Amino acid sequence: MTRIFFANHAQFEGRYTNLGDWAIFEQMEKLFVPEIENGNIEIIVPSSDVIYTNSNYHVHAFKRGGIKGILNSLKWIIKSDIVVIGGGEIVQDQSSFVYIPYQLVRPFVAKILGKKLFAYAIGVGEKEEISFLGKLQAKFVLNMFDIITVRDEKSYKVLTQYLHVKKPQIYLTADPALNLEEKIVEEININKPYFVISARSVYHRNHNLLPFSVRKKMGLVSKEYYKEINQFKNDIALLTETIMAKYGLCAKFLNTYTGAQMSASDDKFTTDIILRIPDKYQTNIEVLNAVYTPSEIKYILGRSQFIITVPLHPLILGASENVPVFSLAYASKNKSFMHQIKRSQNVYKVEKIGDRLDLVRITADIDEVMNNIGTYKNNLKQIVEENKQKERNNYRLLMALVNGTKR
């Protein structure tokens, strides 16, 4: 039996894990189920809710967090044959200088202990999102890997041309969430036409030592940030109101990260936006909270008219269901995916303080897409299908490494 350690954020907060990490994990786990049930493979996953993870997935979860979590990780790395990182964005330290060491310390330890390393459809930030120190760290550890797959062309170019990672086998694939299967949600109202909007606080990636959530708790965030974020909430509220009035659509707000330990507190952010929308629209607004799995979220997104989002994975999950997507892009990964599906014109930057939403442009773009919806969907379907085919190579390549490690 081959034991694989998932050294990623797959279940870091159990059912409250960030939607993107969770969606990637669901797709990865599903592919391994036949091998797991036949006793050929065991998947090890760190989780904040071991009971939930073990009850819902074919994995062995252990308790993460604190000194005990670190010791548990070391124990399972020692017992494993292969350590996997990704999917998701692994290389960028614009959000925090500790981000890259945090992502790469476990594979680094694993390689010292003689384990095989696999990077599964990872994302790599643009050069401007990686400090000089981060570049050195990433180059050093990633050159220890056996196989690396990356989810987009930008990541491939930065990895090979800027970070100069040369030693592993490197392949261009696509994000695993593209091939996640939807799961029907009976209780959701899909009879009234709706659009989905997913908001999150922005302006927080600026090469600080501490992550934004920690700086916010410690009161180290500038007054300018709070002023700008208040304007951003007003803009989102006005955009939502405008769309509901113009198209007669209901609005479903999607919260993608609401966990207690590491989250962006999307639920609080969304509540504050909704309170700014006039009362007459409130009965047609719904909040999609953490009661749904990524497969169920994909079902809900797939029945929407279109999606407007700050986080990345509503773009990926929605586009994979052939739904028009509009990106309020807070990082290069959003822009990169929109370029991948040839919709760069529907990217609206909200990366820095001072970036404001052009509501006139956004609504005009929505009009253009909805007036040409047939052409849009035909083009999107073809592009997404090509990327789905690329994505399937992630599992094939990992299984090739598994087969090469069997004793």
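Because the structure is a prediction, the values reported are computed rather than measured.

Cut-offs and rules
Residues numbered from 1 in each chain as written. Predicted model: local features only at pLDDT ≥ 70, side-chain atom pairs only at ≥ 80, totals over all residues. Heavy atoms only, no water. Buried < 20%, exposed > 50% of the residue type's maximum accessible area, 1.4 Å probe, protein only. Helix = DSSP H or I, 4+ residues; strand = E, 2+ residues; numbered from the N terminus. Pairing = 2+ DSSP bridges. Expected span 1.5 Å × (residues − 1). Axes fitted to C-alpha atoms, helices over the stretch in contact; angles between N-to-C directions. Contact = heavy atoms within 4.5 Å. Polar contact = N/O pair within 3.5 Å; in protein donor to acceptor, adjacent residues only side chain to side chain. Parallel < 35°, antiparallel > 145°, perpendicular 65-115°, else oblique. Left-handed = near helix turned anticlockwise from the far one by under 90°. Nonpolar A, V, L, I, M, F, W, Y, C, P; charged D, E, K, R; others polar.

Asks: What should I look at first to understand the pairing of strand E12 (residues 325–329) in this one?
Replies: Judged by how many residues are buried, E12 sits mostly within the fold: five of five residues are covered. Burial along E12 is two-sided: Val325, Ser327 and Ala329 and Phe326 and Leu328, pointing in opposite directions, are all buried. Summarising the sheet, strand E11 (residues 307–309) and E12 pair through three bridges and their orientation is parallel. In the sheet register, isoleucine 307 faces E12, and the bridge partner there is valine 325.

Asks: It is not clear to me how helix H8 (residues 223–247) should be interpreted in this structure. Could you clarify?
Replies: Residues separated by three or four positions in an α-helix point in the same direction, a consequence of the helix having 3.6 residues per turn. The terminal C-alpha atoms of H8 lie 37 Å apart, and with 25 residues this matches the ideal 36 Å at 1.5 Å per residue to within 8%. All of the buried residues in H8 are Tyr225, Glu228, Ile229, Phe232, Lys233, Asp235, Ile236, Ala237, Leu239, Thr240, Ile243 and Met244. With its phi angle positive at about 65°, glycine 248 sits one or two positions after the end of H8.

Asks: Hey, could you run me through the sheet that holds strand E2 (residues 41–47) in this one?
Replies: Strand pairing in a sheet is mediated by backbone hydrogen bonds. Such pairs are either parallel or antiparallel. Across the sheet, which stays open at both edges, the seven strands sit in the order E3-E2-E1-E4-E5-E6-E7 with parallel pairing between neighbours. On the outer flanks of this sheet lie strand E3 (60–63) and strand E7 (169–172), each paired with one strand and no other. Neighbour-to-neighbour, the strand axes of the sheet open up by a mean angle of 20°, direction not taken into account. Inspection of the sheet shows strand E5 (residues 116–124) paired to strand E6 (residues 147–150) by three bridges, in the parallel sense. Counted as the bridge partner of alanine 119 is isoleucine 148 from E6. Where helix H3 (residues 66–79) meets the sheet, it contacts strand E1 (2–6), E2, E3 and strand E4 (82–91), and its direction lies at approximately 145° from that of E3. Against the sheet, helix H6 (residues 153–162) contacts E5, E6 and E7, and its axis sits at roughly 120° relative to E5.

Asks: Which parts of the structure should I look at to understand the side chain of arginine 343?
Replies: Within the element layout of this structure, arginine 343 appears in the loop between helix H12 (332–340) and strand E13 (347–349). A distance of 2.9 Å separates the side chain of arginine 343 from the side chain of asparagine 346, its partner in a polar contact. If we skip the residues at most four places from it in the chain, arginine 343 touches Met338, Glu368, Val369 and Tyr376.

Asks: Would you take a moment to explain the packing of helix H4 (residues 99–112) against helix H5 (residues 132–142) for this structure?
Replies: Helix-helix packing: each pair is described by the crossing angle between the helix axes and the interaxial distance. At a closest axis distance of 10 Å, the pairing of H4 and H5 adopts a crossing angle of 20°. Overall, the two elements H4 and H5 adopt an arrangement that is roughly parallel. Both H4 and H5 take part in a crossing whose hand is left-handed. Residue-level inspection shows Ile100, Pro101, Leu104 and Phe108 of H4 in contact with H5, the latter providing Gly134, Gln137, Ala138, Phe140, Val141 and Leu142. Of the residues contributing to the contact of H4 with H5, the split by class is eight nonpolar, two polar and no charged.

Asks: Looking at this model, I keep getting lost on unusual backbone geometry. Mind explaining?
Replies: Negative phi values dominate among residues other than glycine, just as trans dominates among peptide bonds. Each neighbour pair has its own omega, and for glycine 86 with glycine 87 the value is -5°, a cis peptide bond. Within the element layout of this structure, glycine 87 appears in strand E4. You will see that alanine 121, though not glycine, has its phi angle at about 50°, which is positive. Assignment of secondary structure puts alanine 121 in strand E5. Even without being glycine, histidine 164 reaches a positive phi, approximately 60°. Within the secondary structure, histidine 164 sits in the loop between H6 and E7.

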